Every structure is written in C-alpha cells, then in structure tokens.
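Analysis of the macromolecular model
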Amino acid sequence: MAGVKDVFRESRYLFFAIFIAWFVFSLALWLPQWKLILQVLNTASSVDSVVLLVSLYTSLGSNFTLGGALIVVILSGLFGVNISLTLYLYRKQFSIQKGVATNIWGATLGILGVGCAACGSVILTSLLSLFGGVWLLSYLPLGGEEFGFIGIALLLYGTYSLSKKISSPMVCED
Amino acid sequence: MDKNNLGVPVAIVFAGVLIAGAVFMSGRSAQVAAVPAPKPQAPVVQAPTQTGNLDAIVPVSEDDHIRGDINAPVKIVEYSDFECPFCKRFHDTMNQVMSEYGADGQVAWVLRQFPLEQLHPVKARAEALATECAADQGGNDMFWKYADRMFELTLTNNRTDIETVIPQIAEELGLDMSEFQQCVESNKFASAIEADIADAVNTGGRGTPWSILIGPDGTKYPINGAQSFESVKQLIEIALKN
C-alpha cells in the first residue's frame with residue numbers, strides 16, 4: 001500500500017479522507033432517524049438540535065450489533081480512504097479504471113448492509129419491501145450484514161488497486 | 001490507449017438510483033416484515049392502512065399498559081417484541097428514563113405489542129399473549145412485572161424456551177396458573193394484539209422497537225430502534241421545552 005502512504009503524505013488528502021469517513025459514519029447513524037431529525041429541526045432550537053444530533057452517535061452502542069457497529073466504522077474509514085485516493089488520481093490526471101468502479105460497488109454493497117439491526121438494514125429492508133421480500137433477510141445468517149462484509153472486501157480490493165495504480169510509473173499501454 | 005470502461009458510470013448511476021430509491025422508500029410506509037398474516041382464529045381487525053402517519057396513533061388511554069402517570073406531559077409509546085434483542089436493550093433504557101423522569105410525573109411510558117412474526121414466529125406472539133394474560137389477572141402492575149421479567153429471561157431471536165419460561169414467570173409472580181393457562185389457550189387477547197400491530201404499522205413502524213414520543217403540545221417525535229438513554233433524554237428535554 002505504498003500508494004496510500006504517498007497520498008497521505010499530503011495532509012489535505014488525509015483530512016479529506018477523515019472528513020468523508022466522518023460524513024459516511026454520520027449518515028449511517030442519522031439516516032434511520034431522519035424523520036426524527038427533521039421534526040426536531042422544525043421544532044427545537046439550534047443548540048438543542050445539535051445536541052440531539054451529537055447524542056445520536058451513542059446509538060452505535062445501543063442500536064447496532066457488535067458486527068454491525070464494526071462494519072459501519074470500517075466501511076466509513078475505507079470509504080474515506082478510497083474517495084481520497086480517487087480524488088488524488090483525478091488531480092494527477094490518471095485514467096479511471098476498474099479500481100474505482102470496484103470501490104463504488106464496494107461502497108454501495110457496504111451501505112446496503114448498514115443499518116441499525118433493530119430497524120433492519122435501512123437500505124436493504126426499504127428495497128426488499130418494494131417486492132414484499134423482507135422475509136429474505138431472515139434467511140441470511142447475519143440478517144443482511146453480509147452485504148457490509150462484502151462491501152468491506154470490495155473496498156479493500158479497491159484501495160489496493162488504487163494504491164498500486166498511484167505508485168506505478170506512468171507508461172503508455174496498448 | 002485508454003480503455004472505454006463503462007464500469008464507473010454504470011456503477012455510479014446504479015448506486016445513485018439504488019440509494020435514492022431506498023431513501024425515498026424508507027420514508028413511505030411499504031409492506032413491512034412486521035405485519036403478520038391474519039390469524040384464521042382471530043376476529044377480523046381492520047387491516048393497517050400503512051400511512052406512516054404519526055397522528056394516526058391510537059390515543060393513550062386507561063386501557064393501555066402505562067408505567068408512570070397517565071397525565072404526564074410527555075408520553076413515550078413503545079411498540080415492542082419480546083424476542084427482539086434491541087427491545088430488550090431499549091427496555092433497560094426506558095427503565096432508566098423512568099427512574100429519572102417518572103418519579104416526578106414528567107414522563108409516562110406506554111408499552112404496546114408489536115410481535116414480528118416473520119422474524120420471530122410463534123414465540124413473540126406467545127410472549128405478547130402471556131403478558132396480556134398476566135395483566136388480565138393482576139392489572140397494570142402485573143403486566144409490567146411480567147414484561148420486566150420476560151425481558152430479563154428472554155434469549156431473544158426466537159431462542160427462548162417459551163414452554164418453560166412463560167409458565168415459570170407466571171408462577172414466580174404468583175398468578176393463578178389454571179386461569180393463566182386458560183387465558184393463554186383461549187387466545188382471547190389476539191384481537192388486542194392485532195390492534196396494537198395495526199397501530200404500529202399505521203404510524204410508520206417498520207421494526208422494533210418503534211416508539212413515538214408525544215410532547216405536552218401534542219407534537220410527536222418518532223424514535224426508530226433502540227436509541228441510547230442520552231438521545232431519549234435530549235428528546236424529552238426538547239419536548240418539555242415546547
């Protein structure tokens with residue numbers, strides 16, 4: 001992962017990765033409560049609203065299984081790293097190849113698996129409910145968290161391929 | 001030569017449609033796993049309309065299972081499943097809430113049944129029925145004692161040995177066992193449970209625990225899942241200020 005080290009030698013990419021990771025992490029915790037958040041924003045003061053938003057971070061301990069919580073944290077971190085690496089590639093005018101597509105698939109599948117276990121995988125149950133297929137989740141051993149693990153694996157592969165691309169010399173290819 | 005790779009734009013478009021669609025659908029009331037198939041022996045109950053409308057909530061009344069003062073300015077109506085591990089966690093959270101806000105009558109906790117039969121077939125409903133039968137004999141206090149004990153003993157995720165645990169709790173609490181058994185076998189509270197389920201679905205419940213905090217001015221705040229004590233506390237403070 002020499003490419004990752006090269007990128008994060010520039011602190012702006014590191015901070016960007018952290019910001020994106022925080023954003024995705026926050027989204028994972030806030031999305032199941034979006035109706036509540038909207039209601040509070042409409043009725044409460046700004047200070048109270050911010051305090052509530054911050055308090056929702058504690059739901060990581062109450063509203064997720066241990067596996068689910070780890071998936072959220074790891075996925076968020078990997079997503080931040082991948083977006084930062086991708087941005088680096090864009091700026092260096094490398095062509096986008098399958099590594100980036102893999103990252104996007106990885107992030108998508110990972111997001112499918114995210115969600116508070118109490119309310120079900122937020123995205124997955126919403127999608128499956130379209131087809132009356134929520135019962136399918138009960139057949140999966142981890143109730144949908146499998147998608148989180150697949151997402152992590154894809155993001156890890158994406159990180160590896162992006163890192164390799166960054167540290168490879170620029171050559172013309174047939 | 002750059003390769004013409006459609007993987008990236010396809011992935012982006014697919015991901016965008018997937019996530020946008022899911023966020024949109026999560027705001028609507030779609031068919032949910034929680035809505036059980038109608039029981040042939042149960043009286044017909046009006047089918048849930050799945051509007052996801054918090055204002056459709058059945059008003060809190062003396063018929064409810066209430067911990068605290070029914071006239072409390074803040075009421076938290078929780079729809080729960082005794083086999084749900086997160087309901088078990090949230091039960092402890094709500095007990096903590098009541099320790100802090102219940103004694104001085106600021107918060108009342110209402111517990112309604114929401115057995116998720118697609119996830120916890122047979123057992124969740126049996127446990128719901130048992131708590132109703134306990135209430136039938138011993139009133140509101142007995143309901144809460146039975147519910148507290150059930151959450152202490154349940155292994156959740158459909159692993160509880162209900163043949164042992166249900167009568168065990170009834171005996172521990174000193175219920176008349178033959179009356180209790182008769183109540184359970186008669187399924188007399190099936191329609192009440194169905195009504196609670198319909199209420200949960202009508203208000204937008206998609207899983208458990210599903211709760212609605214009703215403020216003093218009638219404003220309703222949806223609480224999805226087992227939120228932490230800190231979040232519930234902050235929400236109560238917001239509601240009390242309004």
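For the structure, check the block above.
None of the values given here were measured: they were computed from a predicted structure. (Residues numbered from 1 in each chain as written. Chains lettered and ligands numbered in written order. Predicted model: local features only at pLDDT ≥ 70, side-chain atom pairs only at ≥ 80, totals over all residues. Heavy atoms only, no water.)

1. Quick word on the overall build of chain B
When you go through chain B residue by residue, the secondary structure sums to seven helices and five strands. The long-range share in chain B, meaning contacts at least 24 apart out of those at least 6 apart in sequence, stands at 76%. Per element, the accessible surface of chain B, about 10,300 Å² overall, is 53% carbon and sulfur. (Helix = DSSP H or I, 4+ residues; strand = E, 2+ residues; numbered from the N terminus. Contact = heavy atoms within 4.5 Å. Areas by Shrake-Rupley, 256 points an atom, 1.4 Å probe, with all protein chains shown as cover.)

2. Section: the overall build of chain A
In terms of helices and strands, chain A carries ten helices and zero strands. Along the chain direction, N to C, the helices and strands of chain A fall in the order α-α-α-α-α-α-α-α-α-α. Residue burial in chain A is summarised as follows: out of 174 residues, 50% are buried. Intrachain contacts of chain A at a sequence separation of at least 6 include 75% that bridge at least 24 residues. In the form shown here, chain A has an accessible surface area of approximately 8,500 Å², with 71% of it arising from carbon and sulfur atoms. (Buried < 20%, exposed > 50% of the residue type's maximum accessible area, 1.4 Å probe, protein only.)

3. A few points about helix H10 (residues 146-167) of chain A
With 22 residues, H10(A) ought to run about 32 Å at 1.5 Å a step, and its terminal C-alpha atoms sit 32 Å apart, in line with that. Three or more residues of H10(A) are buried, namely A:Glu146, A:Gly148, A:Gly151, A:Ile152, A:Leu155, A:Gly158, A:Thr159, A:Ser161, A:Leu162, A:Ser163 and A:Ile166. (Expected span 1.5 Å × (residues − 1).)

4. Topic: the pattern of salt bridges
All names here are of chain B. All chains considered together, the criterion is met by 13 salt bridges over all chains. The partner of Asp64 in a salt bridge is Arg112, and the shortest N-O contact between them spans 2.8 Å. Taken together, the residues Asp64 in the loop between helix H1 (7-26) and strand E1 (65-67) and Arg112 in strand E3 (residues 107-113) connect sequence positions 48 residues apart. Each member of the pair, Asp64 as well as Arg112, is classed as buried. One network of salt bridges, with partners in common, ties together Asp64, Arg112 and Asp199. (Salt bridge = Lys/Arg side-chain N within 4 Å of Asp/Glu carboxyl O.)

5. Here we look at the pairing of strand E4 (residues 210-214) of chain B
Residues and elements named next belong to chain B. By the criterion of burial, E4 is predominantly enclosed, with five of the five residues buried. Side chains of E4 alternate between two faces, with Trp210, Ile212 and Ile214 and Ser211 and Leu213 buried alike. Relative to E4, strand E2 (residues 74-80) runs antiparallel, the two sharing five bridges. Each residue of the ladder has a partner; that of Glu78, found in E4, is Ser211. Judged from the five bridges that link them, E4 and strand E5 (residues 220-224) form a sheet pairing that is antiparallel. Considered in E5, the bridge of Ile212 is made with Pro222. As consecutive antiparallel partners, E4 and E5 are separated by five residues, and within that stretch Gly218 has a phi angle of approximately 90°, a positive value. (Pairing = 2+ DSSP bridges.)

6. As for the nonpolar core
The biggest cluster of nonpolar side chains holds 67 residues, and the ones touching the most others in it are B:Tyr146 and B:Leu213. Counting residues per element, this core draws most heavily on helix H3 (residues 123-153) of chain B, which supplies 13 residues. Not counting residues within four places of it along the chain, the set of residues in contact with B:Tyr146 comprises B:Ala130, B:Thr131, B:Ala134, B:Ile166, B:Ile169, B:Ala170, B:Leu173, B:Leu175 and B:Phe180. Membership of the second largest hydrophobic core comes to nine residues, among which are A:Val4, A:Tyr13, A:Tyr88 and A:Ile166. (Core = buried A, V, L, I, M, F, W, Y, C linked by side-chain atoms within 4.5 Å.)

7. Focus on the pairing of E5(B)
In terms of residue burial, E5(B) counts as a mostly covered element, since five of its five residues are buried. Burial along E5(B) is two-sided: the face carrying B:Lys220, B:Pro222 and B:Asn224 and the face carrying B:Tyr221 and B:Ile223 are both buried.

8. Examining helix H7 (residues 229-241) of chain B
Each turn of an α-helix holds 3.6 residues, which means side chains three or four residues apart point in the same direction. When the terminal C-alpha atoms of H7(B) are compared, their 18 Å separation across 13 residues agrees well with the 18 Å that a helix rising 1.5 Å per residue should span. Every buried residue of H7(B) is listed here: B:Phe229, B:Ser231, B:Val232, B:Gln234, B:Leu235, B:Ile236, B:Ile238 and B:Ala239.

9. With respect to the state of the cysteines
Residue and element names in this part refer to chain B. The full count for this structure, using the stated rule, is one disulfide over all chains. Two residues share a disulfide in this structure: Cys133 and Cys183, whose sulfurs sit 2.1 Å from each other. Residues Cys133 and Cys183 are joined by a disulfide whose S-S torsion is about -85°; by sign, that bridge is left-handed. Here Cys133, found in helix H3, pairs with Cys183, found in helix H5 (residues 177-186); they are 50 residues apart in sequence, far enough to count as distant. Overall, Cys183 belongs to the buried group, its relative accessible area being 6%. Cys84 takes part in no disulfide bond, and the closest cysteine sulfur, belonging to Cys87, lies 3.2 Å away. A residue is classified by how much of its surface remains accessible, and Cys87, at 0% relative accessible area, is buried. (Disulfide = S-S within 2.5 Å.)

10. Some remarks on the sheet that holds E4(B)
Residue and element names in this part refer to chain B. With mixed pairing, five strands are arranged side by side in an open sheet as E1-E3-E2-E4-E5. Two strands in the sheet have a free side with no partner beyond their single neighbour: E1 and E5. Sheet twist, expressed as the mean angle between neighbouring strand axes with direction ignored, is 20°. (Axes fitted to C-alpha atoms, helices over the stretch in contact; angles between N-to-C directions.)

By themselves, these are just geometric observations and shouldn't be taken as functional.
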